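# Topology and contacts: notes
So you can see what is in the structure, the chains are spelled out below.
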Amino acid sequence: MTERQRIMVLLFHPLLHKSRVNRELLRSIQDLEGVTIRNMYDLYPDFHFDLKVEQNLLLSHDIIVWQHPFYWYSSPPLLKEWIDVVLEHGFAYGREGRALAGKKVMTAISSGGRREVYQEGGMRKYSIRQLLAPFELTVTLCNMTYLPPFVVHGTHMLDENGIGRAAAQYRKGLLSLMDGIYDEGEISKHDYLNDLIT
Ligand SMILES: Cc1cc2nc3c(=O)[nH]c(=O)nc-3n(C[C@H](O)[C@H](O)[C@H](O)COP(=O)(O)O)c2cc1C
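Residues numbered from 1 in each chain as written. Predicted model: local features only at pLDDT ≥ 70, side-chain atom pairs only at ≥ 80, totals over all residues. Heavy atoms only, no water.

### With respect to the site of the ligand
Every one of the 17 residues lining the ligand counts as a neighbour, but Ser 19, Arg 20, Asn 22, Ser 110 and Tyr 118 are closest to it. In this structure, Tyr 73 approaches the ligand through a main-chain N or O atom, which is 2.8 Å from an oxygen atom. Separating an oxygen atom of the ligand from a side-chain N or O atom of Tyr 118 is a distance of 2.8 Å. Residues of the shell around the ligand, tallied by class, amount to seven nonpolar, nine polar and one charged. (Near = heavy atom within 4 Å. Polar contact = N/O pair within 3.5 Å; in protein donor to acceptor, adjacent residues only side chain to side chain. Nonpolar A, V, L, I, M, F, W, Y, C, P; charged D, E, K, R; others polar.)

Right, here's the structure in full:
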């Protein structure tokens with residue numbers, strides 16, 4: 001039997017006390033063995049990362065999840081800062097920088113907009129995958145694999161049940177990733193991880 005993959009969820013939510021969705025997503029995975037959860041705005045309110053801690057944590061996990069609300073078609077600023085600082089030249093990329101090679105990264109986002117608006121011809125013109133291109137390219141430049149994102153759409157319209165269903169789906173998705181049940185070729189064909197979760 002292959003070993004379970006270790007997952008690290010890095011949560012970037014500047015207003016978690018006001019969150020409806022991300023708080024519930026987090027709650028649904030809190031008890032999972034083999035999942036490390038880090039609330040980054042709590043840990044680094046001044047945006048000054050402990051580089052060694054962050055890099056060592058990356059080394060000791062197989063799958064990294066960037067969980068955050070979708071803000072202005074992107075992430076809250078602390079994730080961008082984390083990428084700029086932690087994915088250092090000579091560590092994550094460059095001729096000598098192959099420390100993260102072979103790991104996987106997934107974005108898990110909540111978005112106010114419905115899925116239909118994020119497509120060609122839709123109100124937001126671009127798909128979520130297109131809008132997440134800078135994250136995907138960052139990951140691939142660091143010789144890692146970018147997984148299809150897990151997305152909770154239409155957050156403003158979701159009631160408690162809807163949020164609960166999304167949270168249960170998130171838990172299931174992370175468990176499946178840990179157990180490595182998704183075929184690599186198959187997973188890359190999908191726009192969303194959600195579509196693979198049965
Ligand atoms: C500053 C800000 C920017 C936002 N930008 C977007 C956006 O670009 N696209 C979108 O679909 N929703 C956007 N939203 C809505 C949030 O994504 C949504 O409220 C959030 O995902 C809900 O999750 P939460 O309950 O965990 O906060 C934005 C919200 C805020 C506060």
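Resuming the write-up.
### A look at helix α4 (residues 77-86)
Buried within α4 we find Leu 78, Leu 79, Trp 82, Ile 83 and Val 86. All buried residues of α4 lie within an arc of 145° about the axis, which places them on one face of the element. Buried residues belonging to α4 abut β1 (7-11), α2 (40-43), α3 (51-59), β3 (63-69) and α6 (133-141). (Buried < 20%, exposed > 50% of the residue type's maximum accessible area, 1.4 Å probe, protein only. Helix = DSSP H or I, 4+ residues; strand = E, 2+ residues; numbered from the N terminus. Arc of directions from axis to C-beta. Contact = heavy atoms within 4.5 Å.)

### Here we look at helix α1 (residues 21-29)
Among all positions of α1, only Val 21, Asn 22, Leu 25, Leu 26, Ser 28 and Ile 29 are buried. Burial along α1 is one-sided: seen end-on, the buried residues are contained in an arc of 160°. For α1, the secondary structure elements touched by its buried residues are β1, β2 (35-39), β3, β4 (104-110), β6 (150-152) and α7 (160-178).

### Some points on the packing of aromatic side chains
Following the criterion strictly, the structure yields eight aromatic pairs and no others. Between Phe 150 and Tyr 170, the aromatic rings sit 5.0 Å apart at their centres with planes inclined by 35°, giving tilted as the arrangement. Separated by 20 residues along the polypeptide, Phe 150 in strand β6 and Tyr 170 in helix α7 bring together distant segments of the chain. Exposure remark for Phe 150: the relative accessible area of 1% places this residue in the buried category. Clustering of aromatic rings is evident, with ring pairs tying together Trp 66, Trp 82 and Phe 135. (Phe/Tyr/Trp six-rings, centres within 6.5 Å; stacked < 30°, edge-to-face > 60°.)

### Let's talk about the pairing of β1
Counting buried positions along β1 gives five out of five residues, so the element sits mostly inside the fold. Alternating positions in β1 separate into two faces, Ile 7, Val 9 and Leu 11 on one and Met 8 and Leu 10 on the other, with burial throughout. Following the chain from β1 across α1 to the adjacent parallel β2, one finds a crossover that is right-handed. Direction of pairing for β1 relative to β3: parallel, over a ladder of five bridges. Bridging across to β3, Ile 7 finds its partner in Ile 63. (Right-handed = clockwise from strand over helix to strand, strands pointing away. Pairing = 2+ DSSP bridges.)

### Observations concerning unusual backbone geometry
Excluding glycine, residues mostly have negative phi values, and the peptide bonds linking residues are mostly trans. The backbone phi angle of Phe 47 is positive, close to 65°, even though this residue is not glycine. For Phe 47, the location among the structural elements is in the loop between α2 and α3. Of note in this structure, Lys 125 is not a glycine but carries a positive phi near 70°. We classify Lys 125 as exposed; its relative accessible area is 52%.

### Observations regarding the nonpolar core
Judged by nonpolar contacts, the single largest core of 35 residues is most densely connected at Phe 12, Leu 58, Trp 66 and Trp 82. Excluding residues within four positions of it along the chain, Trp 82 makes contact with Leu 10, Phe 12, Met 40, Phe 49, Glu 54, Leu 58, Trp 66 and Leu 87. Residues Ile 63, Met 106, Ile 163 and Leu 177 belong to the second largest nonpolar core, which totals 27 residues. (Core = buried A, V, L, I, M, F, W, Y, C linked by side-chain atoms within 4.5 Å.)

### With respect to the packing of α1 against α7
Interaxial distance between α1 and α7 falls to 8 Å at its minimum, and their mutual angle equals 45°. Overall, the two elements α1 and α7 adopt an arrangement that is oblique. The handedness of the crossing between α1 and α7 comes out as right-handed. Residues Val 21, Glu 24, Leu 25, Ser 28 and Ile 29 of α1 form the contact with α7, whose own contacting residues are Ile 163, Ala 166, Ala 167, Tyr 170, Arg 171 and Leu 174. Each residue belonging to the contact of α1 with α7 can be placed in one class, and the counts come to eight nonpolar, one polar and two charged. (Axes fitted to C-alpha atoms, helices over the stretch in contact; angles between N-to-C directions. Parallel < 35°, antiparallel > 145°, perpendicular 65-115°, else oblique. Left-handed = near helix turned anticlockwise from the far one by under 90°.)

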